[in-house]
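Here is how the chains run, residue by residue.
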Amino acid sequence: MRRLLLLMAIAGLAACSEQAERTYTVEELVADEALLSGVIAKCRNNPGEFSDTTNCRNAEAADGKMRLDRMRRSSGG
């Protein structure tokens with residue numbers, strides 16, 4: 001009986017816990033500029049909490065990739 005109560009309590013706490021944020025790939029962020037802007041804004045508004053997350057690193061990589069692509073197109077390359 002104790003085990004059942006313990007399992008129910010654990011299941012209840014797990015159901016109430018915060019859901020993990022979805023991780024976006026660099027390609028997904030490059031394809032969706034609005035999403036990229038949102039992720040970058042979130043990361044830059046609170047760098048102490050978010051700067052070392054996967055989404056922030058992928059957003060910075062996607063931003064750098066897009067900048068390079070724009071520079072290549074503007075220079076005729």
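None of the values given here were measured: they were computed from a predicted structure.

Chemist: Which residues make up the pattern of salt bridges, and what values go with them?
Modeler: If you walk through the whole model with that rule in mind, you get six salt bridges. Where D69 meets R72, a salt bridge forms, and the shortest distance between an N and an O atom there is 3.4 Å. With a gap of three residues between them, D69 and R72 both fall in helix α5 (residues 54-74), about one helical turn apart. Judged by its relative accessible area of 28%, D69 is partly exposed. By relative accessible area, R72 is classed as partly exposed at 48%.

Chemist: So what's going on with the packing of aromatic side chains? Residues and values would help.
Modeler: Per the counting criterion, the structure on display carries zero aromatic pairs. We note K42 situated over the ring of F50; from NZ or CZ to the ring centre the distance is 4.6 Å.

Chemist: Got a sec to walk through α5? Specific residues and values, please.
Modeler: Since the α-helix advances by 3.6 residues per turn, residues separated by three or four positions end up pointing in the same direction. The end-to-end C-alpha separation of α5 is 30 Å, in line with the 30 Å expected for 21 residues at 1.5 Å each. When α5 is considered as a whole, its buried residues turn out to be N55, C56, N58, A59, A62, D63 and M66. Mapping the buried residues of α5 onto a view down its axis gives an arc of 160 degrees, with all of them on the same face. Where the residues of α5 are buried, they touch α2 (26-31), α3 (33-45) and α4 (47-50). Count one or two residues on from α5 and you reach G76, which has phi positive near 85 degrees.

Chemist: I'd love a proper account of the side chain of N58, names of residues and values included.
Modeler: On the secondary structure map, N58 appears in helix α5. Taking the relative accessible area as the measure of exposure, N58 reaches 18% and is therefore buried. The residues contacting N58, other than those within four sequence positions of it, are T23, Y24, T25, V26 and L29.

Chemist: Tell me about the confidence of the model for the protein chain, and please be specific about residues and values.
Modeler: Taken residue by residue, the protein chain gives an average pLDDT of 86. The fraction at 70 or more is 81%. When pLDDT is averaged over each element of the protein chain, α2 comes out on top at 96 and helix α1 (residues 2-16) at the bottom at 67.

Chemist: Can you lay out the packing of α3 against α5 for me, pointing to particular residues and giving the numbers?
Modeler: The contact between α3 and α5 brings their axes to 9 Å, and the two run at 125 degrees. On the basis of their axis angle, the class for α3 and α5 is oblique. In the packing of α3 onto α5, the handedness of the crossing is left-handed. Across the interface between the two elements, E33, L36, V39, I40, C43 and R44 of α3 pack against N55, C56, A59, E60, A62, D63 and M66 of α5. Considered class by class, the residues forming the contact of α3 with α5 number eight nonpolar, one polar and four charged.

Cut-off values and rules
- Residues numbered from 1 in each chain as written.
- Predicted model: local features only at pLDDT ≥ 70, side-chain atom pairs only at ≥ 80, totals over all residues.
- Heavy atoms only, no water.
- Salt bridge = Lys/Arg side-chain N within 4 Å of Asp/Glu carboxyl O.
- Helix = DSSP H or I, 4+ residues; strand = E, 2+ residues; numbered from the N terminus.
- Buried < 20%, exposed > 50% of the residue type's maximum accessible area, 1.4 Å probe, protein only.
- Phe/Tyr/Trp six-rings, centres within 6.5 Å; stacked < 30°, edge-to-face > 60°.
- Lys NZ or Arg CZ within 6 Å of the ring centre and 35° of its normal.
- Expected span 1.5 Å × (residues − 1).
- Arc of directions from axis to C-beta.
- Contact = heavy atoms within 4.5 Å.
- pLDDT = per-residue confidence, 0-100.
- Axes fitted to C-alpha atoms, helices over the stretch in contact; angles between N-to-C directions.
- Parallel < 35°, antiparallel > 145°, perpendicular 65-115°, else oblique.
- Left-handed = near helix turned anticlockwise from the far one by under 90°.
- Nonpolar A, V, L, I, M, F, W, Y, C, P; charged D, E, K, R; others polar.

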